[in-house]
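Architecture and fold: a report
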Amino acid sequence: MPRQRVAMSADEAAAFLVAKRRAIVGTRAPDGAPDGEPAALACAGGEVRFSVPRDGPTARNLRHDPRLVVSVEEFPSYAGIKGVAVHGRAVAIGDDGERTSFRVAAPRVESFDFAKVRR
Amino acid sequence: MAPRPETTTAEDFLRAHTRTFLLTLRPDGAPTCHPMVDLWRDGALWLNTYRRSAKVRNLTAEPRVACVVVTDDDEPRFRGVVLRGRAEVVAAPAAPAGPDARAARPPGVGAEVTERVRDRLAEGKRVLVRIVPEAMRLVGEHA
């Protein structure tokens, strides 16, 4: 279906992200193939931030290629499906010895809200 | 040789969970993500989508994909499987056509949705995608 007809507004997408604590982060592995991992999400002040294990695949992949997608979705029912994907480049902002935190620079947001589908 | 315990756990998890995030590469080479519903059958992950969708375009150009299959976000033991492998578009008649596969319906998807999906598969508007795993790893709180 044409995505623009079911997209959230910028405010709706921001509110959706702020309420979520988990995301799936997609990256490219050193072999060039896509890879993914769940991440702890913390969005605030218009910025998308997340953390992953410092020795895990996502942190490793982002050192090779900072391009990423952060995907959040909920599926309480078919008509209630909503999702936001943020494309951008990862910038490392912290490391506590176990996990590395990143923010998403140059974010580009895509979203869908099945409640907006005209039936 | 017996399968490794991690493989058994991953396959048991995949049989019981259908919430998947498909990761493909866009034409510019950046990763992108498609939340979907999957079905694990015959040692592969199956997806059902529109033939003209961005995900089919992406995985036709670059068949290497990843799928992150996870529990609901609020599950007390949040966990999942990351599967990396190759995707191929399969014509509808080659799908696992057993009664259980055709009747399979994830929670929250009504019978009218599955009926419509079945019609569009038959019309060729939708296709099945089979992802054969090359590597799987567990993530989160598996017992």
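Not measured: the values here are computed from a predicted model.

**Concerning the interface of chain A and chain B**
- Contact residues are listed per partner, giving 23 residues for chain A and 26 residues for chain B.
- Elements with a minimum of two residues in the side of chain A that touches chain B: strand S1 (22–28), strand S2 (34–44), strand S4 (67–74) and strand S5 (82–95) of chain A.
- Looking at the side of chain A that touches chain B, its residues break down into ten nonpolar, seven polar and six charged.

**Topic: the sheet that holds S5 of chain A**
All names here are of chain A.
- The antiparallel closed barrel is built from six strands, whose spatial order is S1-S2-S3-S6-S5-S4. Mean inter-strand twist for the sheet, computed between neighbouring axes without regard to direction, equals 40 degrees.
- Note that strand S3 (residues 47–53) and strand S6 (residues 99–113) share five bridges and pair antiparallel. Residue arginine 49 lies in a different strand from S6, and its bridge partner there is arginine 103.
- Sheet contacts for helix H1 (residues 10–18): S2, S3, S4, S5 and S6; angle to S5, the most-contacted strand, approximately 60 degrees.

**So, the confidence of the model for chain B**
- In the predicted model, chain B carries a mean pLDDT of 87, and 87% of its residues have values of at least 70.
- For this predicted complex, the interface score ipTM comes out at 0.94, while the overall pTM is 0.91.

**A closer look at the environment of valine 69 of chain B**
All names here are of chain B.
- For valine 69, the position within the fold is in strand S5 (residues 64–70).
- Between the C-alpha atom of valine 69 and that of valine 132, which follows or precedes it by 63 residues, the distance is 14 Å.
- Aside from chain neighbours lying at most four places away, what touches valine 69 is Leu14, His17, Arg19, Thr20, Asp38, Gly80, Val81 and Leu83.

**So, the confidence of the model for chain A**
- For chain A, per-residue confidence averages 93 on the pLDDT scale, and residues scoring 70 or more make up 96% of the total.
- Across chain A, the element-wise mean pLDDT spans from 95 in H1 of chain A up to 98 in S1 of chain A.

**Quick notes on the sheet that holds strand S1 (residues 19–25) of chain B**
All names here are of chain B.
- Across the sheet, which stays open at both edges, the seven strands sit in the order S2-S1-S5-S6-S7-S4-S3 with antiparallel pairing between neighbours. Edge positions in the sheet fall to strand S2 (31–37) and strand S3 (39–41), since each has one partner strand and no second. Between one strand axis and the next, the sheet turns by 35 degrees as a mean value, whatever way the strands run.
- With seven bridges connecting them, S5 and strand S6 (residues 79–90) associate as antiparallel partners. The residue bridging valine 68 from the neighbouring strand is valine 82, located in S6.
- Relative to the sheet, helix H1 (residues 5–16) contacts S3, strand S4 (44–50), S5, S6 and strand S7 (126–140), its axis offset from that of S7 by approximately 135 degrees.

**Regarding the nonpolar core**
- Within the largest apolar cluster, 54 residues are counted, with the highest numbers of intra-cluster contacts made by Val70 of chain A together with Cys67 and Leu83 of chain B.
- Examining the composition of this core, we find that six residues originate from one element, S5 of chain B, more than from any other.

**Section: unusual backbone geometry**
- Its identity as a non-glycine residue notwithstanding, alanine 106 of chain A has a phi of 50 degrees, on the positive side.
- Mapped onto the fold, alanine 106 of chain A is located in strand S6.
- By the C-beta count within 10 Å, which is 9 here, alanine 106 of chain A ends up exposed.
- Positive phi, close to 55 degrees, is recorded for aspartate 42 of chain B, a residue that is not glycine.

**Notes on the pairing of S4 of chain A**
Residues and elements named next belong to chain A.
- For S4, a buried count of seven out of eight residues is recorded, marking the element as mostly surrounded by other parts of the structure.
- Bridge count between S1 and S4: three bridges; the pairing is antiparallel. Opposite isoleucine 24, over in S4, you have serine 71 as the bridge partner.
- Examined bridge by bridge, S4 and S5 share eight bridges and lie antiparallel to one another. In the sheet register, valine 72 faces S5, and the bridge partner there is valine 84.

Parameters and conventions
- Residues numbered from 1 in each chain as written.
- Chains lettered and ligands numbered in written order.
- Predicted model: local features only at pLDDT ≥ 70, side-chain atom pairs only at ≥ 80, totals over all residues.
- Contact = placed C-beta atoms within 7 Å.
- Helix = DSSP H or I, 4+ residues; strand = E, 2+ residues; numbered from the N terminus.
- Nonpolar A, V, L, I, M, F, W, Y, C, P; charged D, E, K, R; others polar.
- Pairing = 2+ DSSP bridges.
- Axes fitted to C-alpha atoms, helices over the stretch in contact; angles between N-to-C directions.
- pLDDT = per-residue confidence, 0-100.
- Core = buried A, V, L, I, M, F, W, Y, C linked by C-beta atoms within 7 Å.
- Buried ≥ 20, exposed ≤ 12 C-beta atoms within 10 Å, placed from the backbone.

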